[in-house]
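Each chain is listed here by its residues.
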Amino acid sequence: MAKNEENWLTFFSELQAYTEAHGHLPDKHVVENHGLLSKAKHLRKKVKADKAEEWMVERFERILAMRRTEHTGGRRKRL
C-alpha cells in the first residue's frame, strides 16, 4: 500500500470518528480541527473537479451521510 493511500485512510478514520462524535464536519473556528478541515476541503474540491478516486468519493459520501440534519449552530434568521 502506498504512503499516500495510508494517509488518506488515516484521514477518513479521523474524519469519521469526528463526525460520529460531533454530528458535523470540523468547524473552521476550532483551531485543533484545522488539519482535518483543510484536508476535507481539499477532498471536496477534488470530488467537484472529478479528480478523486472512486473509493475516496464513496467513503467521503458515506461520512457526509452520517451528519445530523438538525440545526447545529450558526446564525438564524430573525422573525
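Everything here concerns the structure above.
Residues numbered from 1 in each chain as written. Predicted model: local features only at pLDDT ≥ 70, side-chain atom pairs only at ≥ 80, totals over all residues. Heavy atoms only, no water.

## Some details on the overall build of the chain
And step 1. Per the secondary structure count, the chain includes 3 helices and 0 strands.
And step 2. Start at the N end of the chain and walk to the C end: the helices and strands fall as α-α-α.
And step 3. Counting every position in the chain, which comprises 79 residues, the buried fraction comes to 27%.
And step 4. Within the structure as shown, the chain displays about 6300 Å² of accessible surface, and the carbon and sulfur contribution to it stands at 48%. (Helix = DSSP H or I, 4+ residues; strand = E, 2+ residues; numbered from the N terminus. Buried < 20%, exposed > 50% of the residue type's maximum accessible area, 1.4 Å probe, protein only. Areas by Shrake-Rupley, 256 points an atom, 1.4 Å probe, with all protein chains shown as cover.)

## Points about the packing of helix H1 (residues 3-22) against helix H2 (residues 34-48)
And step 1. Closest axis-to-axis distance for the H1/H2 pair is 11 Å, and the angle between their directions is 110°. With respect to their mutual orientation, H1 and H2 come out roughly perpendicular. H1 and H2 meet at a crossing whose hand is left-handed. Contact residues: Asn7, Trp8, Phe11, Phe12, Glu14, Leu15 and Tyr18 in H1; Leu36, Lys39, Ala40, His42, Leu43 and Lys46 in H2.
And step 2. For the contact of H1 with H2, the residue count by class is 8 nonpolar, 2 polar and 3 charged. (Axes fitted to C-alpha atoms, helices over the stretch in contact; angles between N-to-C directions. Parallel < 35°, antiparallel > 145°, perpendicular 65-115°, else oblique. Left-handed = near helix turned anticlockwise from the far one by under 90°. Contact = heavy atoms within 4.5 Å. Nonpolar A, V, L, I, M, F, W, Y, C, P; charged D, E, K, R; others polar.)

## Here's the deal with the packing of aromatic side chains
And step 1. With the rule as written, the count across this model stands at 4 aromatic pairs.
And step 2. Ring centres of tryptophan 8 and phenylalanine 12 lie 6.1 Å apart, and the angle between their planes is 35°; this geometry places the pair in the tilted category. Of this pair, tryptophan 8 and phenylalanine 12 both sit in helix H1, 4 residues apart, roughly one helical turn.
And step 3. Judged by centre distance (5.9 Å) and plane angle (70°), the rings of phenylalanine 12 and tryptophan 55 are edge-to-face. With a gap of 43 residues between them, phenylalanine 12 in helix H1 and tryptophan 55 in helix H3 (residues 54-65) connect regions that are remote in the sequence.
And step 4. Three or more aromatic residues joined by ring pairs make a cluster, and in this case those are Trp8, Phe11, Phe12 and Trp55. (Phe/Tyr/Trp six-rings, centres within 6.5 Å; stacked < 30°, edge-to-face > 60°.)

## Side note on the nonpolar core
And step 1. Ranked by size, the top nonpolar core spans 15 residues in total, and within it Trp8, Phe11, Phe12, Leu15, Leu43 and Phe60 carry the most contacts.
And step 2. Among the secondary structure elements, those contributing two or more residues to this core are H1, H2 and H3.
And step 3. What phenylalanine 11 contacts, discounting residues up to four positions off in sequence, is Leu36, Lys39, Ala40 and Leu43. (Core = buried A, V, L, I, M, F, W, Y, C linked by side-chain atoms within 4.5 Å.)

Function cannot be inferred from these measures alone, as they are strictly geometric.
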